[in-house]
Amino acid sequence: MGALDECHYNEELENGINVGECVELGFEGEPETLAIEDAVGVLLQGLGEDINREGLRKTPLRVAKALREGTRGYKQKVNDIVSGALFPEAGLESKFGHAGGAGGLVIVRDLDHFSYCESCLLPFQVKCHVGYVPSGQRVVGLSKLSRVAEVFAKRLQDPQRLADEVCSALQQGIKPTGVAVVLQCSHIHFPDFESAIFDPNHQGWVKVSVMSGSGVFCNEKADCWTDFLSLLRFRDINVDDACGRGSVNKSWCPSQNNRKMGASDPAMVSAVSSILSSLGEDPSRKELAETPARFVKWLLNFKNTNLDMKLNGFVRSKRDSLTPNGDVSCNEEHICSELNLSFWSQCEHHLIPFHGVVHIGYFSSNRINPVGKSLLQSVVHFYGFKLQVQERLTRQIAETVSTFLGEDVMVVVEANHTCMISRGIEKFGSSTATVAVLGRFSTDPTARAKFLQIIPNSS
Ligand SMILES: Nc1nc2c(ncn2[C@@H]2O[C@H](COP(=O)(O)OP(=O)(O)OP(=O)(O)O)[C@@H](O)[C@H]2O)c(=O)[nH]1
Ligand SMILES: [Zn+2]
């Protein structure tokens, strides 16, 4: 970048910051934001964290922003979205108003949204498919179907209620012959520390499909549903197992199945209740009654214990593998690797999960992993179950495993950051990879390249 460009860039940056600050300051000064910040401070202290450390100083504000942004639907009105966006559409036969004629169907598929689970406060992913049969008077702008879904997704939700609310709102807003909504929802299923160690096959997601219909879609056996579902199948979307209106998905949220609530920290629990109030929710509403305790229980998985890692304490199974799951020759020696070790962690900036896999490479003359795979997995979990940033996690794993795998170590961490997907920039499908290299891997590009070549063949 040349000097002139740089100057221009700085100017833009300053302008950006000025504009940003104007918007931010209003938000920052609002009582709801301040109350959430205070509550997040209580949560961080309950986790044994130093709230003044660099990485956490802005966390209360970031969390307040994320939560208020993520529940902004409470303040939005469907009529404001739909009323200006209805327009007549004439068919060839009649001079006015018949968009699709009888049985005509408009459907928009694969609308990606994020919502917050009312049972545990974790974000869940929603793939939304919406359809309607125009009433013969008017059609609605396609983008509005997604905008209306967003109004209800940006609240504390349950999948079936979300589908029902989107469906009713569109029915009232557009007044068509009927509305159909199908949601495919995925909820992250975080293990706790012990389950992560002892259950290597832990399933990371709970998925459910729900549907809701109004008008001609009220009857789930109606022909228009057959048409709608066929149009979904064009895109390989199969929702034969979808639950309908009125059905209850009691087991949807993994935290509801975990009956062992255990002792919780009362100050942290009341801090979460105050967050719910600040978001405009009623913490005494029956679905939210246990939410603060569930959230705190989950958060306490990431408590800063300040204990030295007791490697002796980690169990090594008798059948533990001492054979690396990847290896490649490099100048007469072998680069061995343990690939796809799962990790679960918590973003210290937004208190939202990130998770993924870790790949560890090291040199070994006899192609043996001297400590076994499960010990490496334990190290990964030890550093995962903390408030983290991915770069630090990668480095800490590399430094620790180098004490027993030798000084030449390379670690690659591949992660999905919920904070990049569910809020802010909302980059669906994005993923992040970080690398830490020690010893020969930091000076030998061939060694790095050889290790990186093993990884894609492994999964
Ligand atoms: N380097 C790094 N950044 C992270 C990690 N997790 C989250 N972040 C980023 O931390 C940054 C915090 O930026 P801020 O501008 O203070 O907070 P923010 O307003 O919530 O940022 P946006 O995400 O851009 O909305 C964001 O860019 C996040 O994407 C991580 O593991 N490593
Ligand atoms: Zn949940």
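Residues numbered from 1 in each chain as written. Chains lettered and ligands numbered in written order. Predicted model: local features only at pLDDT ≥ 70, side-chain atom pairs only at ≥ 80, totals over all residues. Heavy atoms only, no water.

For the rest of this paragraph, the subject is the overall build of the protein. A count of helices and strands for the protein gives 16 helices and 13 strands. For the protein, with 459 residues in total, the buried portion stands at 49%. The contacts of the protein with a sequence gap of at least 6 include a subset with a gap of at least 24, amounting to 74%. Working note: accessible area of the protein is about 22,300 Å², and carbon and sulfur atoms make up 52% of it. (Helix = DSSP H or I, 4+ residues; strand = E, 2+ residues; numbered from the N terminus. Buried < 20%, exposed > 50% of the residue type's maximum accessible area, 1.4 Å probe, protein only. Contact = heavy atoms within 4.5 Å. Areas by Shrake-Rupley, 256 points an atom, 1.4 Å probe, with all protein chains shown as cover.)

Turning next to the side chain of His417. Tracing the backbone shows His417 in strand β12 (residues 409-417). Within the local environment of His417, its side chain forms a polar contact with the side chain of Gln390, the two groups lying 2.7 Å apart. Excluding residues within four positions of it along the chain, His417 makes contact with Pro353, Phe354, Gln390 and Thr432. (Polar contact = N/O pair within 3.5 Å; in protein donor to acceptor, adjacent residues only side chain to side chain.)

Next up on the list: the pairing of strand β9 (residues 333-347). Of all 15 residues in β9, 12 are buried, a share of seventy percent or more. Pairing of β9 with strand β10 (residues 353-364), which is carried by 11 bridges, proceeds in the antiparallel orientation. By the bridge assignment, Ser337 is partnered in β10 with Gly361. Taking the residues between adjacent antiparallel strands as the criterion, β9 and β10 are bridged by five residues, where Leu351 takes a positive phi near 55 degrees. (Pairing = 2+ DSSP bridges.)

This brings us to the coordination of the zinc ion (ligand 2). Cys117 (SG), Cys120 (SG), His187 (NE2) and Cys253 (SG) make up the full set of protein donors to the zinc ion (ligand 2), lying at 2.0 to 2.3 Å. One way to put it: the four donor atoms around the zinc ion (ligand 2) meet at angles of 102 to 113 degrees, and that makes the site tetrahedral. Each donor residue of the zinc ion (ligand 2) belongs to the same chain, and together they define the spacing C-x2-C-x66-H-x65-C. On the criterion of sequence distance, the pair formed by His187 in strand β6 (residues 178-188) and Cys253 in the loop between α8 (223-233) and α9 (254-257) is long-range, its members being 66 residues apart. (Donors = N, O, S within 2.8 Å, 3.2 Å for Na, K, Ca; no water. Tetrahedral: all angles 85-135°; square planar, octahedral: opposite > 155°, others 65-115°.)

Moving on to unusual backbone geometry. Phi is positive for Leu121, close to 70 degrees, though the residue is something other than glycine. Residue placement: Leu121 occurs in the loop between β2 (106-117) and β3 (123-133).

This model, assessed by the stated rule, comprises 20 salt bridges. Salt-bridge contacts for Glu165 lead to Arg161; the nearest nitrogen and oxygen are separated by 3.9 Å. With Glu165 and Arg161 both in helix α6 (residues 159-174), this residue pair falls four residues apart, about one helical turn. Here Glu165 falls in the partly exposed class, since its relative accessible area comes to 23%. Through salt bridges with shared partners, a single ionic network connects Glu118, Arg161, Glu165, Glu281, Arg285, Lys286 and Glu287. (Salt bridge = Lys/Arg side-chain N within 4 Å of Asp/Glu carboxyl O.)

This next bit is on the nonpolar core. Within the largest apolar cluster, 100 residues are counted, with the highest numbers of intra-cluster contacts made by Leu183, Val358, Ile360, Ile397, Val401 and Leu405. Sorting elements by how many residues they give to this core places α6 first, with seven residues. Contact partners of Leu183, with chain neighbours within four places excluded, come to Val126, Lys127, Cys128, Pro159, Leu162, Ala163, Val208, Ser209 and Val210. If you look at the next biggest cluster of nonpolar residues, it comprises 15 residues, including Ile107, Val133, Ala180 and Ala222. (Core = buried A, V, L, I, M, F, W, Y, C linked by side-chain atoms within 4.5 Å.)

Evaluation of the coordinates by the stated rule reveals two cavities of 30 Å³ or more. Taken as a whole, the largest cavity encloses approximately 150 Å³ of empty space. Lining the largest cavity are 13 residues, and of these Val63, Leu67, Leu121, Phe295 and Leu351 sit closest to its centre. The element contributing the most residues to the lining of the largest cavity is helix α3 (residues 59-70), with three residues. In the lining of the largest cavity, the residues fall into 12 nonpolar, one polar and no charged. (1 Å grid on protein atoms, 1.4 Å probe; cavity = no way out; pocket = protein on both sides within 12 Å on 5 of 7 lines; lining within 4 Å. Points joined across faces, edges and corners; volume = space filled by probe spheres on them. Nonpolar A, V, L, I, M, F, W, Y, C, P; charged D, E, K, R; others polar.)

Chain-level statistics for the protein give a pLDDT mean of 85 and a share of 83% at 70 or above. Low pLDDT (under 50) marks residues 1-24, which in the prediction has three contacts with non-local residues, meaning those over four places away or in another chain. The complex prediction reports pTM at 0.85, with the ipTM value standing at 0.93. (pLDDT = per-residue confidence, 0-100.)

If you trace the five strands from one edge of the open sheet to the other, you get β5-β2-β3-β6-β7, paired in mixed fashion. The open sheet has two edge strands with one neighbour each: β5 (156-157) and β7 (205-215). The pairing of β2 with β3 spans nine bridges and is antiparallel. In the strand pairing of β3, Phe114 is matched with Gln125. Against the sheet, α6 engages β2, β3, β5, β6 and β7, with an angle of about 25 degrees to β7. (Axes fitted to C-alpha atoms, helices over the stretch in contact; angles between N-to-C directions.)

Our focus in this paragraph is the packing of aromatic side chains. Under the definition given, this model contains 16 aromatic pairs. For the pair Trp225 and Phe228, a centre-to-centre distance of 5.3 Å together with 75 degrees between the ring planes defines the contact as edge-to-face. Within this pair, Trp225 and its partner Phe228 are both found in helix α8, separated by three residues, close to a single helical turn. For the pair Trp298 and Phe302, a centre-to-centre distance of 5.3 Å together with 70 degrees between the ring planes defines the contact as edge-to-face. The two residues Trp298 and Phe302 agree in class, both being buried. Clustering of aromatic rings is evident, with ring pairs tying together Phe190, Phe193, Phe295, Trp298, Phe302, Trp344 and Phe385. Over the ring of Phe382 we find Lys386, and its NZ or CZ is 4.2 Å from the ring centre. Over the aromatic face of Phe363 sits the side chain of Arg440, whose NZ or CZ is 3.9 Å from the ring centroid. (Phe/Tyr/Trp six-rings, centres within 6.5 Å; stacked < 30°, edge-to-face > 60°. Lys NZ or Arg CZ within 6 Å of the ring centre and 35° of its normal.)

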